[in-house]
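One letter stands for each residue in the lines below.
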Amino acid sequence: MLEEVERWLTRRSWSSGDRPPHQLTDARAADPRGTSVSVVLPALNEEATVGAIVATIRRELMEKVRLIDELVVIDSGSTDATAAVARAAGARVVHRDAILPRIPALPGKGEVLWRSLLVTSGEIVCFVDADLKDFSADFVSGTVGPLLTDPAVQFVKAMYDRPLGDSAGQGGRVTELVARPLLNLHWPQLAGFVQPLGGEYAVRRSLLERLPFPVGYGVELGLLVDALHTVGLDALGQVDVGVRRHRHQDGQALGRMAAAIYRTAQLRLSRGHLVRPALTQFERGEDGFVPRTHAVDTEERPPMREIAEYARRHAA
């Protein structure tokens, strides 16, 4: 590991307990700028978990203390009761297709995160996946904390243990097999991030609006790499929030995720194009193995500040 990264680990790695919510509300009250905070949950068919997450954030961070100003669930086309459950729990729910309708929506998590900038107003935006189980408000207060107390910090990721079933520390398979090797080899300054692909992180809007967004699974790696190049390592940080439990995907879904992440890295390395942006996987059928070919995400959305509607909204 680079000496620079070792120093960064001691300076820019914290625990959620270092900044309890009441301390953060005091810090925000003392700030003449009155920094506002939005929380965004991208959701697709998450009726089993989204309600508890929303209810916890409202109770712990909007009612017990006034830390969060805005809580928005972006529904990316759920066919279950995700939207109704989230709304009943106290979130504002916006359908992905209702945001920036002149640009047809593409499938993918990154698309939803990108569009969320148009329907939120916080100077700090905190993203939280909607499939978390046993959710703790520390995922939010932990990641926004450094941004509220240190103006030099611009991007903070959560770090945590990821159990796989009953096995501790076995989650994050794409992280260990794809993302971590890529980062260590090509962006060694980012080698200190424990969960580079984690979906829980908080970022200053002033940075987010300058970054392109891969529309699919590569969004977390793309934002992290581009943030490094835009603001430098010392503006990035991570916070230990304990344990993250969520729905695990099957091996083929992980393969598609890995391909998209590799493509995101490759694009940033060369700004070229994949020779063949597709991934073939195999499923056993009645007559043997059947190939299934999936397109690898190749679209990215431009920095939000280049979108006319966003510019008009912030000029008003």
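The model shown is predicted, which means the values in this text are computed figures rather than measured ones.

Engineer: Kindly report on the overall build of the chain, identifying the contributing residues and their values.
Structural biologist: Counting its regular elements, the chain contains 11 helices and 14 strands. A compact globule built from 316 residues would reach a C-alpha radius of gyration of about 20 Å, and the chain, at 19 Å, matches this within 12%. In the chain, the proportion of contacts linking residues at least 24 apart, taken out of those at least 6 apart, comes to 74%. Carbon and sulfur atoms provide 51% of the accessible area of the chain, an area that totals close to 14,000 Å². With 38 positive and 40 negative side-chain charges, the chain shows a separation of 3 Å between the mean positions of the two kinds.

Engineer: A description of helix α9 (residues 219–231) should follow, citing residues and the corresponding values.
Structural biologist: Along its 13 residues, α9 runs 18 Å from first to last C-alpha, staying within 8% of the 18 Å computed at 1.5 Å per residue. Taking burial as the measure, the 13 residues of α9 include 10 buried ones, the bulk of the element. Every buried residue of α9 is accounted for by Val-219, Glu-220, Leu-221, Gly-222, Leu-223, Leu-224, Val-225, Asp-226, Ala-227 and Leu-228. Backbone geometry just downstream of α9 places Gly-232 in the positive-phi region, at approximately 90°.

Engineer: Can you explain the packing of helix α3 (residues 50–63) against helix α4 (residues 82–89)? Please cite residues and give values.
Structural biologist: Relative to each other, α3 and α4 sit at 20°, their axes nearing to 8 Å. With respect to their mutual orientation, α3 and α4 come out roughly parallel. Crossing angle aside, the handedness with which α3 passes α4 is right-handed. In contact with Val-50, Gly-51, Val-54, Ala-55 and Arg-58 of α3, α4 contributes Thr-82, Val-85, Ala-86 and Ala-89. Taken together, the residues of the contact of α3 with α4 sort by class into 6 nonpolar, 2 polar and 1 charged.

Engineer: I'd like a description of helix α6 (residues 138–149), backed by residues and values.
Structural biologist: With 12 residues, α6 ought to run about 16 Å at 1.5 Å a step, and its terminal C-alpha atoms sit 16 Å apart, in line with that. The buried count for α6 comes to 10 of 12 residues, which makes it a mostly enclosed element.

Engineer: So, the pattern of salt bridges: which residues are in play, and what are the values?
Structural biologist: Counted under the stated rule, the structure contains 21 salt bridges. Measuring nitrogen to oxygen at the nearest pair gives 2.2 Å for the salt bridge that ties Arg-11 to Asp-234. Here Asp-234 lies in the loop between α9 and β10 (236–243) and Arg-11 lies in helix α1 (residues 3–11), a separation of 223 residues in the sequence. Among the residues examined, Arg-11 registers a relative accessible area of 43% and is labelled partly exposed. Note that Glu-111 is salt-bridged to Arg-115, the shortest N-O span being 2.8 Å. Within this pair, Glu-111 and its partner Arg-115 are both found in helix α5 (residues 109–116), separated by 4 residues, close to a single helical turn. Among the residues examined, Arg-115 registers a relative accessible area of 1% and is labelled buried.

Engineer: Go over the packing of aromatic side chains with me, naming the residues and quoting the values.
Structural biologist: Applying the stated criterion across every chain yields a total of 5 aromatic pairs. Ring centres of Phe-139 and Tyr-160 lie 5.9 Å apart, and the angle between their planes is 40°; this geometry places the pair in the tilted category. Pair noted here: Phe-139 is in helix α6 and Tyr-160 is in strand β7 (residues 155–161), with a separation of 21 residues, a long-range link. Judged by its relative accessible area of 4%, Tyr-160 falls in the buried class. Taking 5.7 Å as the distance between ring centres and 0° as the angle between the ring planes, the aromatic pair formed by Phe-155 and Tyr-201 counts as stacked. Taken together, the positions of Phe-155 in strand β7 and Tyr-201 in strand β8 (residues 201–204) put the pair 46 residues apart, joining distant regions of the chain. Tyr-201 matches Phe-155 in its accessibility class, with the two residues each being buried.

Engineer: Talk me through the packing of helix α7 (residues 173–186) against helix α10 (residues 251–270); I want residue IDs and the actual numbers.
Structural biologist: Two elements in contact, α7 and α10, have axes separated by 9 Å at closest approach and are oriented at 10°. Compared by their axis directions, α7 and α10 come out roughly parallel. Contacts between α7 and α10 involve Arg-173, Val-174, Val-178, Leu-182 and His-186 from the first element and Leu-254, Met-257, Ala-258, Ile-261, Tyr-262, Ala-265 and Leu-269 from the second. Partitioned by chemical class, the residues of the contact of α7 with α10 number 10 nonpolar, 1 polar and 1 charged.

Engineer: Explain the sheet that holds β7 to me, using residue names and the numbers behind them.
Structural biologist: Taken together, 8 strands build an open sheet; the order of strands is β1-β10-β7-β8-β5-β2-β3-β4 and the sheet is mixed. Strands at the two margins of the open sheet, each flanked by one partner only, are β1 (13–15) and β4 (92–95). Each strand axis lies, on average, 25° off the axis of its neighbour in the sheet, ignoring direction. Inspection of the sheet shows β1 paired to β10 by 3 bridges, in the parallel sense. Considered in β10, the bridge of Ser-13 is made with Gln-238. Running at roughly 150° to strand β2 (residues 37–43), α5 makes contact with β2, β3 (70–75), β5 (124–127) and β8 of the sheet.

Conventions adopted
- Residues numbered from 1 in each chain as written.
- Predicted model: local features only at pLDDT ≥ 70, side-chain atom pairs only at ≥ 80, totals over all residues.
- Heavy atoms only, no water.
- Helix = DSSP H or I, 4+ residues; strand = E, 2+ residues; numbered from the N terminus.
- Rg over C-alpha atoms; globule rule 2.2 N^0.38 Å.
- Contact = heavy atoms within 4.5 Å.
- Areas by Shrake-Rupley, 256 points an atom, 1.4 Å probe, with all protein chains shown as cover.
- Lys, Arg positive; Asp, Glu negative; His and termini not counted.
- Charge placed at Lys NZ, Arg CZ, Asp CG, Glu CD.
- Expected span 1.5 Å × (residues − 1).
- Buried < 20%, exposed > 50% of the residue type's maximum accessible area, 1.4 Å probe, protein only.
- Axes fitted to C-alpha atoms, helices over the stretch in contact; angles between N-to-C directions.
- Parallel < 35°, antiparallel > 145°, perpendicular 65-115°, else oblique.
- Left-handed = near helix turned anticlockwise from the far one by under 90°.
- Nonpolar A, V, L, I, M, F, W, Y, C, P; charged D, E, K, R; others polar.
- Salt bridge = Lys/Arg side-chain N within 4 Å of Asp/Glu carboxyl O.
- Phe/Tyr/Trp six-rings, centres within 6.5 Å; stacked < 30°, edge-to-face > 60°.
- Pairing = 2+ DSSP bridges.

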